[in-house]
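Summary of the model geometry
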Amino acid sequence: MSTTDTQVPAHFIRQIIATDLKDNKHNGKVVTRFPPEPNGYLHIGHAKSICLNFGMAIENNGLCNLRFDDTNPEKESVEFMESIERDVQWLGFAWAELYHASDYFEQLYIYAENLIEQGKAYVDSLSAEQIRAYRGTLTEPGKESPDRNRSIAENLDLFRRMRAGEFADGHYVLRAKIDMASPNINMRDPALYRIRRVHHHRTGNDWCIYPMYDYTHCISDALEGITHSLCTLEFEDHRPLYDWVLDALKTPCHPQQIEFARLQLEYTIVSKRKLNQLVTEKHVSGWDDPRMPTIAGLRRAGFTPKAIRDFCERIGITKQNSWIEMGVLEHCIREDLNDNSSRVMAVLQPLRVVIDNYPQDQTEQLEISNHPQHPELGKRQVPFSNVILIERDDFSDTPPPKYKRLVEGGEVRLRGSYVIKCNAVIKDANGAITELRCSYDSDTLGKNPEGRKVKGVIHWVSEQHALSAEVRLYNRLFALPQPDNEDNFLTAINPNSLEVLADCKVEASLAAALPESRFQFERNGYFCLDKDSVEGKLVFNRTVTLRENWEKD
RNA sequence: UGGGUCGUCGCCAAGCGGUAAGGCACGGGGUUUUGAUCUCCGCAUACCAAGGUUCGAAUCCUUGCGACCCAGCCA
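By the naming in an unreviewed UniProt entry, chain A goes by Glutamine--tRNA ligase and is assigned to Crenothrix polyspora. According to the UniProt record, the Sequence similarities (unreviewed entry) comment for chain A reads "Belongs to the class-I aminoacyl-tRNA synthetase family." Turning to chain A, the UniProt record has this under Subcellular location (unreviewed entry): "Cytoplasm".

Remarks on the overall build of chain A
A tally of regular secondary structure across chain A gives twelve helices and 25 strands. Rg of the C-alpha trace for chain A: 31 Å, well past the compact-globule value of 24 Å for 553 residues, more than 25% over. Based on the C-alpha atoms only, the size of chain A along its principal axes is roughly 100 × 60 × 40 Å. Looking at chain A as a whole, 53% of its 553 residues are labelled buried. Restricting the contact set of chain A to residue pairs at least 6 apart, pairs at least 24 apart contribute 70%. Carbon and sulfur atoms provide 47% of the accessible area of chain A, an area that totals close to 25,700 Å². Here chain A contributes 67 positively and 82 negatively charged side chains, and the mean placements of these two sets differ by 2 Å.

Some remarks on the sheet that holds strand β20 (residues 460-462)
Strand order in the open sheet made by the seven strands is β19-β16-β17-β18-β12-β15-β20, with mixed pairing throughout. The open sheet is flanked by β19 (457-458) and β20, the only strands paired with a single partner. Two strands pair when backbone bridges link them, and strand β17 (residues 419-427) and strand β18 (residues 433-441) are joined in this way by eight bridges, in the antiparallel orientation. Residue pairing in the sheet places Ala424 in a bridge with Arg437 of β18.

Description of the sheet that holds strand β10 (residues 342-344)
Strand pairing in a sheet is mediated by backbone hydrogen bonds. Such pairs are either parallel or antiparallel. An order of β10-β23-β24-β25-β21-β22-β11 is seen for the seven strands of this open sheet, with the pairing classed as mixed. Looking at which strands have only one partner, the edges of the open sheet turn out to be β10 and β11 (346-347). Summarising the sheet, strand β23 (residues 518-521) and strand β24 (residues 525-529) pair through four bridges and their orientation is antiparallel. Looking at the pairing, Gln520 lines up with Tyr526 of β24.

Some words on the UniProt feature "short sequence motif: 'HIGH' region" (unreviewed entry) in chain A
Under the UniProt annotation, the feature "short sequence motif: 'HIGH' region" (unreviewed entry) is placed at residues 36-46. A helix fraction of 27% and a strand fraction of 0% characterise residues 36-46, whose end C-alpha atoms lie 8 Å from each other.

Considering the pattern of salt bridges
For side chains of opposite charge, pairing can occur when their charged atoms come near one another. Taken as a whole and assessed by the stated rule, the structure comprises 46 salt bridges. Among the ionic pairs, Glu166 bridges to Arg161, the shortest N-O distance being 2.7 Å. A salt bridge links Arg314 to Asp310, with the nearest nitrogen and oxygen atoms 3.0 Å apart. Of this pair, Arg314 and Asp310 both sit in helix α11 (residues 305-315), four residues apart, roughly one helical turn. Among the residues examined, Arg314 registers a relative accessible area of 41% and is labelled partly exposed. The exposure class of Asp310 is partly exposed, given its relative accessible area of 24%. Overlapping salt bridges bring together Asp288, Arg300, Glu470, Arg472, Asp530, Lys531 and Asp532 as one network.

Rules of the game
Residues numbered from 1 in each chain as written. Chains lettered and ligands numbered in written order. Predicted model: local features only at pLDDT ≥ 70, side-chain atom pairs only at ≥ 80, totals over all residues. Heavy atoms only, no water. UniProt positions renumbered as here; feature names shortened; annotations may be inferred. Helix = DSSP H or I, 4+ residues; strand = E, 2+ residues; numbered from the N terminus. Rg over C-alpha atoms; globule rule 2.2 N^0.38 Å. Buried < 20%, exposed > 50% of the residue type's maximum accessible area, 1.4 Å probe, protein only. Contact = heavy atoms within 4.5 Å. Areas by Shrake-Rupley, 256 points an atom, 1.4 Å probe, with all protein chains shown as cover. Lys, Arg positive; Asp, Glu negative; His and termini not counted. Charge placed at Lys NZ, Arg CZ, Asp CG, Glu CD. Pairing = 2+ DSSP bridges. Salt bridge = Lys/Arg side-chain N within 4 Å of Asp/Glu carboxyl O.

Rendered as structure tokens:
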């Protein structure tokens, strides 16, 4: 062990895999899979699972498949499949194979007949309601179905006719014959197949019976030679069923299911049903709305794949239900963007400043570094002239204590430029400040003024050179840390989650910026150019503010 | 009142019988032409509780307490 060893935490799944490798349990192989159901967009919670599954494969020289769990065609779509592939790749991962559970429908069917032949599955004619009633409760055992002892021959015949489409939807169901008195409700003869005449986005109308998750997932894992089947805690109770199915069948292998806690992030929800509701009821602009915790939303907001991966590593993998504070995610994106984004000046709420002693028709090209700590990011030319725009907040005629920006009679540094002094404040009839009259000290470019200290530094743009922009200031979508705890999560929506500033001015160098490029607007935060940008009007989304360490009153 | 799982700092999280890592947050100092960054310092005599075993327990045992998940022909 050297001190330079990486310091990734050895969470329990890493430990299990390390032990298995040492014991040569799977011939030294590690094969995982990320198995989303294509019924919605991927979100930050999926990112945790993606990073884990792909991460374990990468770390151990193994393989990770992407497998669509497409056994319920009613809720699934090609749009969702495409978005999932896009998001996984954007996060930076490459799957070994792309599979669909529907690829295995025929094999699954054959296995089902095998189960019937072994007397381990039967066709039940009980209705859904009856099955529920027969299931018993958490504290009382269930009752056996009258059809439970149907003959193997009859079960086989019925099941084949189910497939052939002889029966109406819901008329029959294939059930595993396990134990109606099991304390684990999942083992009380769970359904394996249901009749459902729905068009499937991949298999079309080939099937009118569809296999259930519990039956499909374990077999799919086995067919792919998965060694470690990682899933979330709510499937813990299903593991005995996972193992029961594989023990009953002669599958190529028997993967080990290991459960970990799903991500819960404060001020967000990660329920696909609810995210879907936000979209369909138009509480947000779409699945990729920057306020959405979806990968697509985070991407549009300006998050980087690296920051999301870092986040997933930092929060750890355990079996404890826990809530992650937003601050952790924010830290990750600030850390990446601080290091890698170019600095630029943008005035969100402009206030006109006329510099009376600067030549009226003169323009000076000031050379400003793109990153204070990374000279390798280069420099850019920023035009300076006698009329500039500064942030309204950067001037105050009633300055609070410790205010270090511009005040009447005071001086301030224009970032990358001169020191100016405010000589007069122009107000309109209502007393609102419309303009500042200033003078500049020509001997302060690149050097401190003689004999006095100017502590404030503010950003600015030259009025005649600036570009117009719309800036969208996003805040958390929910006003409560745990929206799901409300009777109706919609009541927890933050009414101020989006503030649109339509008349912002940004420096000219941004004219060539491409959608999805990220910048630090100095002193304001990190922003990402949105795809809504058009000629003459740039649109920026705020990813996150800069940290603000001083106490505001 | 059945079964499964989990309880270590405000939030995460190491720890695997030898005397409480780390991150985020927070508080304070320094540097700074971003009140950013960077940097230095501080931050659990304490591990849900109570007993017990042991020279020694967050780690083992017992008994409590608390939280989460399960009664879809969803995944």
